[in-house]
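Each chain is listed here by its residues.
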Amino acid sequence: MTDIRDFINSFLPDNIPKKKRQQLYDEMECHILDRADFYKEIGYDGETALRKSMECFGEEKEMKESIRNELSDLYREKLYYAVIAGLIPVIFNFICVFTGGFIHTADYAGAPSAETVFMSSLYVSFVILQIAFCRKKGYRKSLIATGISNILIICTLIFVFYPQGAFYGLVLNISYLLERLTPLIMKNAADDLPNYFSYYGPIIFLAGTALVSFNFAKKVKKEACAEKRPLRGLTALALILCCVCLLNGAVYSSSREYFREYRTWFDKQNDTVTEEALTVFGSIPLGCAYGDAEAYLGYLGYVNTEDYISGLSREEQKMFRHNLSEMNFFFSDDYEIFFKEKDKYHSRDDNGLFFIRTDEKGTVTGKGIGVGSEYEDRYGSKRHYCSESYDTSKCEKDFISTEKGDNKDEVLKKFAEENGHLYSLFSSLENGRQKDYYRIHSYGSPSEHNLNDWNKDRDIFIQLWFTDERLEKATFEYYDFQKHKDILREIN
């Protein structure tokens, strides 16, 4: 019966509706079996009778092709099929435009919602199934129309919307799975890559679907008069891709929430070293034994990095290491970091980080203190815009009047107490002489002579180097938004 089934199917084109195809199959099978019965009556065995019946039915190649082409024309693809196929991606795109579905432009304002990602994944799934269906049915015009519509969407560039949310969610979900299932830390990738792929990924997808559609249309044309073979695996592949797309939309909420609530150990809004931290810093003398300094810090609730990490869970360790790596400390690895255990869960009241450096004898030869805020300047210190606004014009005038050799207390009073925030402080012993480094941030109005060039507030960064309580070097830096460059003054 397998032979007769394949024989009859060779007469029936794929674009016939399933119900009608079965009716035609039953009629042809009945005709062939009736003729086989005739051959049995005149003395042929069953297998020979069936073979002669099929040979008689399809002995003329022209008749076979005529029947096949006649049926194909009868049930050929309607023009409105192609119109609908071409409109579907465009309609999806306009739905995203009018509903504000994650438009990645200059006014881009955050990650897409879970609903947007799910709907975008649904649209992508539908287009994939549409291409697979048209290929299966041999709808050449519909395949071409689908490819053309996707190419037209690409040509608009900034209006490539309907796959955007799906690609954003896909990259974020992959980052989430790698974060949870592997030793990799994917926080930075989750912050940066989804935006990148949400712009370029859809263009690649649309171009790919267009090429696949045109390729399938070409194959359909070649197979029009040839014996068609079943497209094994195409439907299964399309269904798998659709399941991936829908799963992408379903998992996105968990991925977004995980990275949004990524645990922090350092207050990114902290913009100054606290008085308490300065007091602790001053209580650790240079030249003391490392054990004494460690014991003193431990008494105040500070622990070193290694001891702290040992008490964290696997997930917490990854988050902690990410937070620590974000600091990108500009000093050498000779320094050991200490911080308060209470900073484990989003502490906002104290962000002082202590740094201790020792020589081969275990003597403290360097110490430092800084804050773990969010942004990094070219010197490596982290900073955040201050909430207060200072008179930076006075700060600039004070810097101009400052000279090499000035007393440390007088210089710090000008910049750290009156007009700025202290970000970091390091002290060290070098050849028996004490070296001090201060970094100060100030935010406010520019000086009068700059008002014609720039009438906005600005950030100012001051670095001070002292040797034995006397100013050795100083730099004054701010960013000029008109000239797009750093303005740097120096006392040396």
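Just so it is clear, the model here is predicted, and its values are computed rather than measured.

A look at the overall build of the protein
Of the regular secondary structure elements, the protein holds 16 helices and twelve strands. Taken across its 492 residues, the protein has 45% of its residues classed as buried. Residue pairs at least 24 apart in sequence account for 69% of intrachain contacts in the protein once pairs closer than 6 positions are excluded. Of the roughly 26300 Å² that the protein leaves accessible, carbon and sulfur atoms contribute 55%.

Looking at the packing of aromatic side chains
In total, this model carries 25 aromatic pairs according to the counting rule given. With a centroid separation of 5.2 Å and an interplanar angle of 45°, the aromatic rings of phenylalanine 399 and phenylalanine 476 are classed as tilted. Remark: phenylalanine 476 occurs in strand 11 (residues 470–480) and phenylalanine 399 occurs in helix 15 (residues 392–401); sequence separation between them is 77 residues. Phenylalanine 399 gets classed as buried once you look at its relative accessible area, which sits at 4%. When its relative accessible area of 0% is taken as the criterion, phenylalanine 476 is described as buried. Connected via pairs of aromatic rings, a cluster forms that spans Phe92, Tyr123, Phe126, Tyr162, Phe167 and Phe205.

Notes on helix 11 (residues 275–282)
For helix 11, the full list of buried residues reads Ala277, Val280 and Phe281. Seen end-on, helix 11 carries its buried residues on one side only, within an arc spanning 100°. Along helix 11, the residues that are exposed and aim more than 90 degrees away from the buried face are Glu275, Thr279 and Gly282.

A closer look at the side chain of lysine 318
By the element assignment, lysine 318 lies in helix 14 (residues 314–327). Beyond its immediate stretch of four places on either side in the chain, lysine 318 contacts Leu178, Glu179, Thr182, Pro183, Leu184, Ile185 and Tyr262.

A short note on the confidence of the model for the protein
Scored by pLDDT, the protein comes out at a mean of 76, with 73% of its residues at no less than 70. Counting contacts from residues 343–349, a segment whose pLDDT is below 50, to residues more than four positions away or on other chains yields 19 contacts. In this model, residues 373–389 is a region of pLDDT below 50 whose contacts with residues beyond four sequence positions or in other chains number 64 contacts.

Structural notes on the pattern of salt bridges
Summed over the entire model, instances satisfying the criterion amount to seven salt bridges. One salt bridge in this structure joins arginine 433 and aspartate 468, with 3.0 Å as the shortest N-O distance. Highlighted residues: arginine 433 in strand 9 (residues 433–445) and aspartate 468 in the loop between strand 10 (458–467) and strand 11, separated in sequence by 35 residues. Here glutamate 490 ties to lysine 473 by a salt bridge, and the two come within 3.8 Å at their closest N and O atoms. Of this pair, glutamate 490 sits in strand 12 (residues 485–491) while lysine 473 sits in strand 11; the two residues are 17 residues apart in sequence, bridging distant segments of the chain. What you see here is one network of salt bridges that share partners, running through Lys408, Asp436 and Glu469.

Brief notes about a negative patch on the surface
On the surface, a cluster of negative charge is made up of Asp3, Asp6, Asp45 and Glu47. Of the residues examined, aspartate 45 reaches a relative accessible area of 46% and is grouped as partly exposed.

Considering the pairing of strand 2 (residues 336–340)
Most of strand 2 is tucked away: four of the five residues are buried. As defined by bridge partners, strand 1 (residues 302–304) adjoins strand 2 across three bridges and the pair is classed as antiparallel. Counterpart to valine 303 in the pairing with strand 2 is phenylalanine 339.

Concerning the packing of helix 5 (residues 79–98) against helix 7 (residues 140–155)
With their axes 7 Å apart at the nearest point, helix 5 and helix 7 run at an angle of 25° to one another. As judged from the angle between their axes, helix 5 and helix 7 are roughly parallel. The handedness of the crossing between helix 5 and helix 7 comes out as right-handed. Between helix 5 and helix 7, the contacting residues are Tyr81, Ala82, Ala85, Gly86, Pro89, Val90 and Asn93 on the first element and Lys141, Ser142, Ala145, Thr146, Ser149, Asn150 and Ile153 on the second. Here the residues of the contact of helix 5 with helix 7 are counted per class, giving seven nonpolar, six polar and one charged.

Let's talk about unusual backbone geometry
One non-glycine residue with positive phi stands out, namely asparagine 431, at about 55°. Tracing the chain through its elements places asparagine 431 in the loop between strand 8 (421–430) and strand 9. Backbone geometry at aspartate 468 places phi at a positive 50°, although glycine is not the residue there. For aspartate 468, a relative accessible area of 37% puts it in the partly exposed group.

So, the environment of arginine 51
Position of arginine 51 relative to the elements: it lies in helix 3 (residues 46–57). Taking the C-alpha atoms as reference points, arginine 51 and alanine 36, 15 residues apart in sequence, are found 8.0 Å from one another.

Quick notes on the packing of helix 8 (residues 164–181) against helix 9 (residues 187–222)
Across the interface, helix 8 lies against helix 9 with an axial gap of 7 Å and an inter-helix angle of 145°. In the crossing of helix 8 with helix 9, the sense of the turn from one axis to the other is right-handed. Contacts between helix 8 and helix 9 involve Gln164, Phe167, Tyr168, Val171, Leu172, Ser175 and Glu179 on the former and, on the latter, Lys187, Ala189, Ala190, Leu193, Pro194, Asn195, Phe197, Ser198, Gly201, Pro202 and Phe205.

Concerning a nonpolar patch on the surface
On the surface, Leu79, Val83, Leu87, Ile91 and Ile95 cluster together to form a nonpolar patch covering roughly 440 Å² of accessible area. Along the chain, isoleucine 95 turns up in helix 5.

What to know about the nonpolar core
Counting 34 residues, the largest nonpolar core has Leu297, Phe354, Phe415, Ile462 and Leu464 as the members making the most contacts within it. The contacts of leucine 464, once residues within four sequence positions are left out, are Val411, Leu412, Phe415, Asp436, Tyr437, Tyr438, Ile440, Leu471, Lys473 and Ala474.

A short note on the side chain of asparagine 248
Along the chain, the position of asparagine 248 falls in helix 10 (residues 234–260). Reaching out from asparagine 248, the side chain makes a polar contact with the backbone nitrogen of leucine 170 at a distance of 2.9 Å. A polar contact is formed between the side chain of asparagine 248 and the side chain of asparagine 173, at a distance of 2.7 Å. The contact partners of asparagine 248, leaving out residues within four places of it in the chain, are Val117, Ser121, Ala166, Gly169, Leu170 and Asn173.

Criteria and cut-off values
Residues numbered from 1 in each chain as written. Predicted model: local features only at pLDDT ≥ 70, side-chain atom pairs only at ≥ 80, totals over all residues. Heavy atoms only, no water. Helix = DSSP H or I, 4+ residues; strand = E, 2+ residues; numbered from the N terminus. Buried < 20%, exposed > 50% of the residue type's maximum accessible area, 1.4 Å probe, protein only. Contact = heavy atoms within 4.5 Å. Areas by Shrake-Rupley, 256 points an atom, 1.4 Å probe, with all protein chains shown as cover. Phe/Tyr/Trp six-rings, centres within 6.5 Å; stacked < 30°, edge-to-face > 60°. Arc of directions from axis to C-beta. pLDDT = per-residue confidence, 0-100. Salt bridge = Lys/Arg side-chain N within 4 Å of Asp/Glu carboxyl O. Patch = residues over 30% accessible without salt bridge, like charges linked within 9 Å, V, L, I, M, F, W, Y side chains within 5 Å. Lys, Arg positive; Asp, Glu negative; His and termini not counted. Charge placed at Lys NZ, Arg CZ, Asp CG, Glu CD. Pairing = 2+ DSSP bridges. Axes fitted to C-alpha atoms, helices over the stretch in contact; angles between N-to-C directions. Parallel < 35°, antiparallel > 145°, perpendicular 65-115°, else oblique. Left-handed = near helix turned anticlockwise from the far one by under 90°. Nonpolar A, V, L, I, M, F, W, Y, C, P; charged D, E, K, R; others polar. Core = buried A, V, L, I, M, F, W, Y, C linked by side-chain atoms within 4.5 Å. Polar contact = N/O pair within 3.5 Å; in protein donor to acceptor, adjacent residues only side chain to side chain.

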